[in-house]
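# Summary of structural features
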Amino acid sequence: IYPTIQKSIMILFGVRDSLIFKCDQQMRSIQAVMPTHAQEHSLINDLVIPFDSVNVLNEAIKSCEIQDTYQQPALTVIDQQITGSMKAGGFICLPTMHNRQVIALLVLGVNKIKCDSLNKNRKLLKLFAQDVAGQILQYEAQARLRADIASDNQQLYRNKAREVIHETNNPLAVIRNYLQLLSQ
């Protein structure tokens, strides 16, 4: 699903460089889930950002609003790392939300002109982010269902193997008993 989201960003908004950060509510952190180019974003791929740190991504989570680096008086180290890896001069951060909870963050690498252009279409960006949140949740639910089915199938195969072994051992035990009786 993540490559599809990135392709959609490129087609709809003309942004070639994007990252997707997943929010982990249990770990209270954010982590990149699908870099476009693994080589270019290798540092970002390993980056885990705590919710309580100060940066544009966390500001987007707290405010539930689109944020960008061009509105910031000074960029934090994390913001600088993300900006540097995207080679675009800055980025826009779109929170994808479901029931007022941020599911993921779409980070679009943009220059100032593109940022201004996208900010004029905030309503479209928000609709896109909302749709992405639904798609991510649906994808994750399907992945959990597939994992549950695979686990159930594995258990069925184990049980069937036990039955076959048991049924195979029954005639062997009878033959062994007859051989013992014959040998006596």
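Here the structure is a predicted model, which is why all the values come from computation and not from measurement.

## Comments concerning the overall build of the protein chain
On a plain count of helices and strands, the protein chain comes out with six helices and six strands. For the protein chain, the α and β elements follow one another from N to C terminus as α-β-β-α-β-α-β-α-β-β-α-α. A globule of 184 residues ought to have a C-alpha radius of gyration of about 16 Å, yet the protein chain, at 26 Å, is considerably larger. Dimensions of the protein chain along its principal axes, counting C-alpha atoms only, are 95 × 30 × 30 Å. In the protein chain, once contacts between residues fewer than 6 apart in sequence are set aside, the share between residues at least 24 apart is 55%. As presented, the protein chain carries roughly 11500 Å² of accessible surface, and 56% of it is formed by carbon and sulfur atoms. In the protein chain, 19 side chains carry a positive charge and 16 a negative one; their mean positions are 4 Å apart.

## So, the confidence of the model for the protein chain
For residues with low pLDDT, the predicted coordinates do not support detailed interpretation. Here the protein chain shows a mean pLDDT of 86. Residues at 70 or above account for 94%. Least confident of the elements in the protein chain is helix α2 (residues 42-45), whose mean pLDDT is 70; most confident is strand β4 (residues 67-68), at 95.

## Things to note about the side chain of K22
Position of K22 relative to the elements: it lies in strand β1 (residues 18-24). The residues contacting K22, other than those within four sequence positions of it, are Y2, S29, I30, Q31, V33, I103, A104, I136 and E140.

## Some points on the side chain of S29
Turning to its location among the elements, S29 is positioned in strand β2 (residues 29-32). Those residues within four positions of S29 in sequence are excluded, and the remaining contacts are K22, C23, D24, V48, I49, P50 and F51.

## Here's the deal with helix α3 (residues 56-63)
Residues of α3 that are buried: V56, L57, N58, A60 and I61. The N-capping residue of α3, defined by a side-chain oxygen 3.1 Å from the backbone nitrogen of L57, is N55.

## A look at the packing of aromatic side chains
Tallied over the full model, the rule gives two aromatic pairs. Centre to centre, the rings of Y2 and Y139 are 6.3 Å apart; their planes meet at 70°, and the pair counts as edge-to-face. Residue Y2 is located in helix α1 (residues 2-13), and its partner Y139 is located in helix α6 (residues 122-183); the two are separated by 137 residues in the primary sequence. Between F13 and F128 the ring centres are 5.3 Å apart and the planes differ by 80°, which places this aromatic pair in the edge-to-face class. You can see F13 sitting in helix α1 and its partner F128 sitting in helix α6, a full 115 residues away along the chain. The exposure classification of F13 matches that of F128, with both residues buried.

## Description of a nonpolar patch on the surface
Together, L172, I175, L179 and L182 line one region of the surface with nonpolar side chains, adding up to about 430 Å² of accessible area. Note that L179 resides in helix α6. A relative accessible area of 54% means that L179 is categorised as exposed.

## Concerning the pattern of salt bridges
A complete count under the given rule lists three salt bridges for this structure. Salt-bridge contacts for K22 lead to E140; the nearest nitrogen and oxygen are separated by 3.0 Å. Here K22, found in strand β1, pairs with E140, found in helix α6; they are 118 residues apart in sequence, far enough to count as distant. Two residues, E65 and K126, come together in a salt bridge whose shortest N-O distance is 3.0 Å. Of this pair, E65 sits in the loop between α3 and β4 while K126 sits in helix α6, and the two are 61 residues apart along the sequence. A residue is classified by how much of its surface remains accessible, and K126, at 38% relative accessible area, is partly exposed.

Reading the values: rules and limits
Residues numbered from 1 in each chain as written. Predicted model: local features only at pLDDT ≥ 70, side-chain atom pairs only at ≥ 80, totals over all residues. Heavy atoms only, no water. Helix = DSSP H or I, 4+ residues; strand = E, 2+ residues; numbered from the N terminus. Rg over C-alpha atoms; globule rule 2.2 N^0.38 Å. Contact = heavy atoms within 4.5 Å. Areas by Shrake-Rupley, 256 points an atom, 1.4 Å probe, with all protein chains shown as cover. Lys, Arg positive; Asp, Glu negative; His and termini not counted. Charge placed at Lys NZ, Arg CZ, Asp CG, Glu CD. pLDDT = per-residue confidence, 0-100. Buried < 20%, exposed > 50% of the residue type's maximum accessible area, 1.4 Å probe, protein only. Polar contact = N/O pair within 3.5 Å; in protein donor to acceptor, adjacent residues only side chain to side chain. Phe/Tyr/Trp six-rings, centres within 6.5 Å; stacked < 30°, edge-to-face > 60°. Patch = residues over 30% accessible without salt bridge, like charges linked within 9 Å, V, L, I, M, F, W, Y side chains within 5 Å. Salt bridge = Lys/Arg side-chain N within 4 Å of Asp/Glu carboxyl O.

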